[in-house]
Amino acid sequence: MKKFNKFVPLAIALVLIIGALTACASQSSNTKSSIDRIKEYGKVRIGVFSDKPPFGYVDSNGEVQGYDVYLARRIAKDLLGDESKVEFVFVEAANRVEYLQSDKVDIILANFTVTDDRKKLVDFAHPYMKVSLGVVSPKDNVITDVSQLKGKKLIVNKGTTADIFFTKNYPDIELLKYDQNTEAFQALLDGRGHALAHDNTMLFAWVREHEGYTVGITSLGGQDTIAPAVKKGNTELLNWLNEELEKLGEENFMHKNFEETLRPFYGDSINPDDIVIEPGT
Amino acid sequence: MQDLGIRVLIEGNNLYRLMGGLLVTVKIALISVIISIIFGIPFGIVMTSKNKLLRLVCRAYLEAVRIIPVMVWLFIFYFGVPKLTGIHLAGDVVSVIVFSIWGTAEKGDLVRGAVTSLPKHQKESGKAIGLTNVQIYRYIIIPQSVRRLLPATINLVTRMIKTTSLVVLIGVVEVLKVGQQVIESFVLQSPSASFWVYGFIFFLYFIICYPISLFVRKLELRWKE
């Protein structure tokens, strides 16, 4: 153990030095305009998810699909004149910021929720989607207002926004907490709780497969938005993106996107305005 | 409604994609293993050197590789190096570099252990009959230590094959990631997809790793004679 302890500071120092150096290096920005560089390369590199249907996923034929991807293709078309001039880079939730910081992608369109912490690291454009909490309950005992939950058991996932929201704002509602999605939904099916709170998009997809349940409360609490992100300080691309998004907002592009990519997934029971934001409006 | 989850394996291009992912896994692992063995043996011998400074440098390298997780190394080379130097390396190249660095260190330590475990008189006898240092290593030390460290090396190789699943974090889509893509795109239609897909991937890893074990068992038997 002694030897190990000797090397821990060494390892930490190494990581810190590398971190410090990278921070310095990123200060010196390139002189060439970022949009010119994309045009020179001939393709816009956009980071998307490859396993998060219906937002960004790969279908059985190996094609990238989804709500984020649909927007990405349109961005490529307006920037470079052709829908196919986009290079999809598959990112993970944990490395989205790194991809931008190291210039490995131009734009991240991977269901990136806007938070204050992330704003310090990347620049967000106008939001194009929103997520909020929903509450699902059986149709024959439907809960349409939070006040109805008093004295009843509500199922949530441990540590999620739903858990935090109810613990903070409604301490008198009894919460049943589970680690896994599957456990939580099974608990609702078994009747161990009266209702279940989760991200509304997740619930919309779930009730489609489960007759007898409905999302009584479709949007609740502090609404989070989802926006495209670019590298911190890349104002040129950010401004272009914002103008582009405003233009798309005027032509109701996101609603069209919803009909093409999300409607087949969520069915007719939901109102697009619970999810979609037309940017700039 | 309830359909057989096994169907997702043959739906569309899925099987082809999974095999493509497997090829990526095997390619990264195989190249790294070969490089690790080529560099690991001399590295291990250098580690037994009497020169203190040389030993310290080797020790620092080995411990740095062991203490810093492979995932962090991948991040440093894939995201850190471009930020510093502007040089962009492809994800699979970075994977091979990192796995080779890791493999060389581990293989080197195995070699060091095997060499020092040989009785001292082996080396001394060699000297007594007038062999040079190179000849002692070529004819006495290396052949004996290679046999001793065979099981540990195979352990390292299979560990490297399995650890390649980390490379997805630097954008390399290998077999496990393809599996997740397949599962997630079927998550509503067939909830049992994960069972079949992961089962199939388990089988794929098995048919790569098992022949290696078999081969080694044969080798050991033959050497015993």
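Predicted, not measured: the structure shown is a model, and the values here were computed from it. (Residues numbered from 1 in each chain as written. Chains lettered and ligands numbered in written order. Predicted model: local features only at pLDDT ≥ 70, side-chain atom pairs only at ≥ 80, totals over all residues. Heavy atoms only, no water.)

Caption draft 1: Structural detail: the domain arrangement of chain A. Residue and element names in this part refer to chain A. Here chain A is described as being made up of domain 1 (32-128 + 227-274) and domain 2 (132-224). The distance between the C-alpha centroids of domain 1 and domain 2 comes to 30 Å. Between domain 1 and domain 2 the total buried area reaches about 710 Å² when both faces are included, carbon and sulfur atoms providing 58% of it. When residues of domain 1 are sorted by the area they lose upon contact with domain 2, Tyr 266, Ile 270 and Asp 274 head the list and together hold 59% of the total. For the pair domain 1 and domain 2, the interface holds 3 residue pairs in polar contact (both at pLDDT 80 or more). Residue classes in the side of domain 1 that touches domain 2 are distributed as 5 nonpolar, 2 polar and 1 charged. (Domains from an automatic or database assignment. Buried area = accessible area lost by both parts, 1.4 Å probe. Polar contact = N/O pair within 3.5 Å; in protein donor to acceptor, adjacent residues only side chain to side chain. Nonpolar A, V, L, I, M, F, W, Y, C, P; charged D, E, K, R; others polar.)

Caption draft 2: Molecular detail of the sheet that holds strand β8 (residues 129-138) of chain A. Residues and elements named next belong to chain A. Spatially, β10-β9-β11-β8-β12 is the arrangement adopted by the 5 strands of the open sheet, whose pairing is mixed. In this open sheet, the two edge strands, each paired with only one partner strand, are β10 (174-178) and β12 (213-226). Strand-to-strand twist across the sheet, computed as the mean angle between neighbouring axes with direction ignored, equals 25°. As paired elements, β8 and β12 share 8 bridges and run antiparallel to each other. Bridge pairing in β12 links Lys 130 to Thr 225. Its contacts with the sheet put helix α7 (residues 181-189) on β8, β9 (153-157), β10, β11 (195-199) and β12, and the angle it makes with β11 is roughly 150°. (Pairing = 2+ DSSP bridges. Helix = DSSP H or I, 4+ residues; strand = E, 2+ residues; numbered from the N terminus. Axes fitted to C-alpha atoms, helices over the stretch in contact; angles between N-to-C directions. Contact = heavy atoms within 4.5 Å.)

Caption draft 3: Geometry of the pattern of salt bridges. Within the structure shown, the criterion is met by 24 salt bridges over all chains. Ionic pairing is found between A:Arg263 and A:Glu259, a salt bridge with its closest N-O pair at 3.2 Å. With A:Arg263 and A:Glu259 both in helix α10 (residues 253-266) and 4 residues apart, the pair spans about one turn of that helix. The residue B:Asp109 makes a salt bridge to B:Arg66 at a minimum N-O spacing of 2.5 Å. In this pair, B:Asp109 sits in helix α5 (residues 91-117) while B:Arg66 sits in helix α3 (residues 52-67), placing the two residues 43 residues apart along the sequence. Judged by relative accessible area, B:Asp109 falls into the buried class, the value being 12%. The structure contains a network of salt bridges with shared partners spanning A:Arg74, A:Asp78, A:Glu244, A:Lys247 and A:Glu251. (Salt bridge = Lys/Arg side-chain N within 4 Å of Asp/Glu carboxyl O. Buried < 20%, exposed > 50% of the residue type's maximum accessible area, 1.4 Å probe, protein only.)

Caption draft 4: The UniProt feature "domain: Solute-binding protein family 3/N-terminal" (unreviewed entry) in chain A, seen in detail. When the UniProt feature table is mapped onto this chain numbering, "domain: Solute-binding protein family 3/N-terminal" (unreviewed entry) sits at residues 43-261 of chain A. Along residues 43-261 of chain A the backbone is 35% helical and 29% strand, and the end-to-end C-alpha distance reaches 23 Å. (UniProt positions renumbered as here; feature names shortened; annotations may be inferred.)

Caption draft 5: Inspection of the packing of helix α8 (residues 200-209) of chain A against α10(A) at higher detail. Residues and elements named next belong to chain A. Across the interface, α8 lies against α10 with an axial gap of 8 Å and an inter-helix angle of 50°. With respect to α10, the axis of α8 lies oblique. On α10, the residues that touch Thr 201, Phe 204, Ala 205 and Arg 208 of α8 are Pro 264, Phe 265 and Tyr 266. (Parallel < 35°, antiparallel > 145°, perpendicular 65-115°, else oblique.)

Caption draft 6: Structural view of the interface of chain B and chain A. Contacts between the two partners involve 34 residues from chain B, matched on the other side by 31 residues from chain A. Both faces considered, chain B and chain A share a buried interface measuring about 2900 Å² in area, 67% of it formed by carbon and sulfur atoms. Taken together, the links from chain B to chain A amount to 3 salt bridges. For the salt bridge of A:Glu92 with B:Lys177, the shortest nitrogen-to-oxygen distance reads 2.8 Å. On the surface where chain B and chain A come into contact, there are 12 residue pairs in polar contact (both at pLDDT 80 or more). Counting residues per element, the ones that place at least two in the side of chain B that touches chain A are α2 (14-47), α3, α4 (70-85) and α8 (175-185) of chain B. Here the side of chain B that touches chain A gets 9 residues from one element, more than from any other, and that element is α4(B). Taken together, the residues that form the side of chain B that touches chain A break down as 18 nonpolar, 9 polar and 7 charged.

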